[in-house]
Amino acid sequence: MINKTKQTGTATLNVKGKDIEFPIMSGTHGPDVVDVKRLYAEAGVFTLDPGFTSTGSCESQITFIDGEKGILLHRGYPIDQLAEQSGFLEVAYLLLNGELPTQNEFREFAGLVTQHTLLHTQMDRFFDGFRRDSHPMAMLTGTVGAMSAFYPGAMDSSDPEERNLAYIRLIAKMPTLAARIYKYTQGQRFVDPINELSYGENFLRMCFSVPAEKYKISPTLARAMDKIFILHADHEQNASTSTVRLAGSSGAHPYAAIAAGVASLWGPSHGGANEACLNMLREIGSVDRIPEFIARSKDKSDSFRLMGFGHRVYKNYDPRATVMQKTAHDVLDELGIDTPILRVAKELERLALEDDYFREKKLYPNVDFYSGVILDAMGFPTEMFTVLFALARTVGWVSQLNEFIEDPSQRIGRPRQIYTGAAQRDFVPISDR
Ligand code: CMC
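This text gives an overview of the structure that appears in the document.

1. Structural notes on the overall build of the protein chain
- Summing up its helical and strand segments, the protein chain has 18 helices and six strands in all.
- Compactness check: the protein chain gives a C-alpha radius of gyration of 23 Å against a globular reference of 22 Å for 433 residues, within 12% of the reference.
- By principal-axis analysis of the C-alpha atoms, the protein chain measures approximately 75 × 65 × 55 Å.
- A burial count over the protein chain gives 47% of its 433 residues as buried.
- By sequence separation, contacts in the protein chain at least 24 residues apart represent 71% of the contacts at least 6 residues apart.

2. Let's talk about the sheet that holds strand β3 (residues 33-34)
- Pairing is antiparallel across the open sheet formed by three strands, whose spatial order is β1-β2-β3. This sheet does not close on itself; its edge strands, each paired only once, are β1 (6-15) and β3.
- Where β1 lies against strand β2 (residues 18-26), nine bridges are found, and the strand directions are antiparallel. If you follow V15 over to β2, its bridge partner there is K18.

3. What about the site of the ligand?
- Around the ligand sit 20 residues, and of these H270, L306, G308, R312 and K361 come closest.
- In this structure, K300 approaches the ligand through a side-chain N or O atom, which is 3.1 Å from an oxygen atom.
- Here Y357 contributes a side-chain N or O atom positioned 3.0 Å from a nitrogen atom of the ligand.
- Surface burial for the ligand is 75%, taken as the share of its 950 Å² of free accessible area covered by protein chains.
- For the shell around the ligand, the class distribution of residues is seven nonpolar, eight polar and five charged.

4. A closer look at the sheet that holds strand β5 (residues 71-74)
- Taken in spatial order, the three strands of this open sheet run β4-β5-β6, and their pairing is antiparallel. With one partner strand each, in any of the chains shown, β4 (63-66) and β6 (77-78) form the two edges of the open sheet.
- With four bridges joining them, β4 and β5 adopt antiparallel strand pairing. Within the sheet, the bridge partner assigned to F64 lies in β5 and is L73.

5. Considering the nonpolar core
- Core analysis: the biggest nonpolar cluster contains 109 residues, and L140, F203, M225, L281, L348 and F380 have the highest contact counts within it.
- When residues of this core are assigned to their parent elements, the largest contribution, 13 residues, is made by helix α7 (residues 160-186).
- Those residues in contact with L281 that sit more than four places away from it in its chain are I341, V344, A345, L348, F369 and V373.

6. Section: the side chain of R163
- Mapped onto the fold, R163 is located in helix α7.
- Among the polar contacts listed, one links the side chain of R163 to the side chain of N402, at a separation of 2.9 Å.
- In contact with R163, other than residues within four places in its own chain, are D156, S157, S158, P254, N402, I405 and E406.

7. Overview of the packing of helix α3 (residues 88-97) against helix α4 (residues 103-115)
- Axis separation between α3 and α4 bottoms out at 10 Å; the angle between their running directions is 100 degrees. As the angle between them shows, α3 and α4 are arranged roughly perpendicular. Along the contact surface, α3 presents L89, E90, A92, Y93 and L96, while α4 presents E105, F106, F109, A110 and V113.
- Residue composition of the contact of α3 with α4, grouped by class: eight nonpolar, no polar and two charged.

8. Let's talk about the layout of surface pockets
- A volume near 260 Å³ is recorded for the second largest pocket.
- If you trace the second largest pocket, you find 14 residues lining it, with L96, N97, F109, N164 and I168 closest to the centre.
- When residues of the lining of the second largest pocket are traced back to their parent elements, those giving at least two are α3, α4, α7 and α18 (385-406).
- Looking at which element gives the most residues to the lining of the second largest pocket, the answer is α7, with five residues.
- Of the residues that constitute the lining of the second largest pocket, the class distribution is seven nonpolar, three polar and four charged.

9. Focus: unusual backbone geometry
- Despite not being glycine, F52 shows a phi value in the positive range, around 50 degrees.
- Here F52 shows up in the loop between α1 (39-43) and β4.
- A residue is classified by how much of its surface remains accessible, and F52, at 58% relative accessible area, is exposed.

10. Here we look at the side chain of N202
- The topology assignment puts N202 in helix α8 (residues 199-208).
- Sequence-distant contacts of N202, that is, excluding residues within four places in its chain, are made with P193, I194 and L197.

About the thresholds
Every chain is numbered independently, its residues counted from 1 as its sequence is written. In keeping with the model being predicted, local features are shown solely for residues with a pLDDT of at least 70 and side-chain atom pairs are shown and tallied solely at 80 or more, while totals for entire chains, interfaces and linings include all residues. Hydrogens are left out, water is left out, and the side-chain values use all remaining heavy atoms of the structure. Only runs of H or I of at least four residues qualify as helices and only runs of E of at least two qualify as strands under DSSP, and these elements are numbered from the N terminus. A radius of gyration in this sense is built from C-alpha atoms; the matching globule rule multiplies 2.2 Å by the number of residues raised to 0.38. Classification of residues uses two cut-offs on accessible area relative to the type maximum, computed with a 1.4 Å probe and protein chains only: under 20% is buried, over 50% is exposed, and between them is partly exposed. Contacts were defined at the residue level, with two residues in contact if any of their heavy atoms lie within 4.5 Å. When DSSP finds two or more bridges between two strands, those strands count as paired. The criterion for a residue being near a molecule or strand is simple. One of its heavy atoms has to lie within 4 Å of it. Within 3.5 Å is the distance limit for a polar contact, defined as a pair of N or O atoms, with the added protein rule that one can donate a hydrogen and the other accept it, and that residues adjacent in sequence qualify only through two side-chain atoms. Where accessible areas are quoted, they stem from the Shrake-Rupley method and a 1.4 Å probe; at the residue level, only the protein chains shown are allowed to cover. The nonpolar class holds Ala, Val, Leu, Ile, Met, Phe, Trp, Tyr, Cys and Pro. Asp, Glu, Lys and Arg form the charged class, and all remaining residues, Gly among them, are polar. The definition of a nonpolar core used throughout is a set of buried Ala, Val, Leu, Ile, Met, Phe, Trp, Tyr and Cys residues joined through side-chain atoms within 4.5 Å. Lines fitted to the C-alpha atoms define the axes, with helices restricted to the stretch that makes contact. Angles between their N-to-C directions range from 0 to 180 degrees. Any angle from 65 to 115 degrees is called roughly perpendicular, while one under 35 is roughly parallel, one over 145 is roughly antiparallel, and all others are oblique. Every definition here rests on a 1 Å grid over the protein atoms only: cavities are sets of points where a 1.4 Å probe fits but cannot get out, pockets are open sets enclosed by protein on both sides within 12 Å along at least five of seven lines, and lining residues have some atom within 4 Å of a point. Grid points are joined across faces, edges and corners, and a volume is the space filled by probe spheres set on the points.

Listed below in structure tokens is the structure:
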């Protein structure tokens, strides 16, 4: 990556009576940053910013979010245009390479991905080691890490070719792995990929076809699957992506770095929110109970939060939620389903958006609000939702990891701390304690 930030000013910080100047840097869009790299060297102090609310960790040219306006761009293209007009593999190419592919480039890329969809047969034996009721994310964390044991020829992160092969393998094999995890939890036989199918079609077939009958792929559901993957493909420096960058910063190979990302995604404040959101909608159960749950979410003595609402960056409608809401209707119309869950979701959204607490705190529906409704209607159990998120986000993770490795300004990630533990003291032998 060629660094492109430009200095557009200076900021002066007075530390214990000494004025120190720092460059103010500007990017293409978004707030300027104060480059504090030299702070410790010049003033002997660190900055403290738990949760990184005011700290940028990198320069990136992949994804831009304007949380105030509700804008999400991948390589400059608005997410709604990509979701409506593009396909997941095309977006994957864009995220990885920076430009939309020509027809030839796309054919070659899609061909490469489809050549790598099969898993090593030995990997199938891992599953027997898991309990059938294991959480699918537990299996995914383990098996993605285990993939590193199968490709010793593509482990060197410093070699661009080996790295690229690892990215292609990860993008290609994630659906096969995720589908096997689902099948394992159902006690059903694994279904292998068919390369003539699209990414989304293949995944649905690997999940839902059974040997006893012919599986008919619904174009509406395949398109919805593709859109869900596009909407989850990347989201700049969130917890799991930052985890991938940090894990990769030590030179760890891509499979290990992505396994770290999977683990980070699992939590209910991040990728686990879609599962938590659907469970919440089920718990609410009917429209008349919504006020009770809204009241609980506002009560500081109650830890309950409205899942699928709020975002660290978006202080406006999450643009992914808009596409997701429309997709939910397409899927439910196709399946002829009018679920109480959808009715609860729509009414909850309406009431929360009218509520002063949610308006003042700028809490809007996020991507997870409707994705669970769609995945549930498609037949995925709630525990699988975060696995699907991880499958899609793999593209973002490998793109961000690659950018990190190619950025000459990056080094091993090593945050500092302010120590408030015991002051230095002498060891006392256990016999004297
Ligand atoms: N319901 C009720 N109150 C909320 C909610 C919510 N969902 N989210 C935030 N608040 C309140 C929070 O209590 C706090 O109030 P106060 O200022 O009075 O203390 C205020 O809004 C700010 O919240 P915060 O926790 O300081 O904000 P954050 O940026 O640290 O957290 C969040 C962002 C997404 C973790 C949080 O909004 C949340 O827990 N939402 C529910 C979980 C969810 O849907 N997560 C999916 C995020 S999108 C998918 C992804 O990127 O992984």
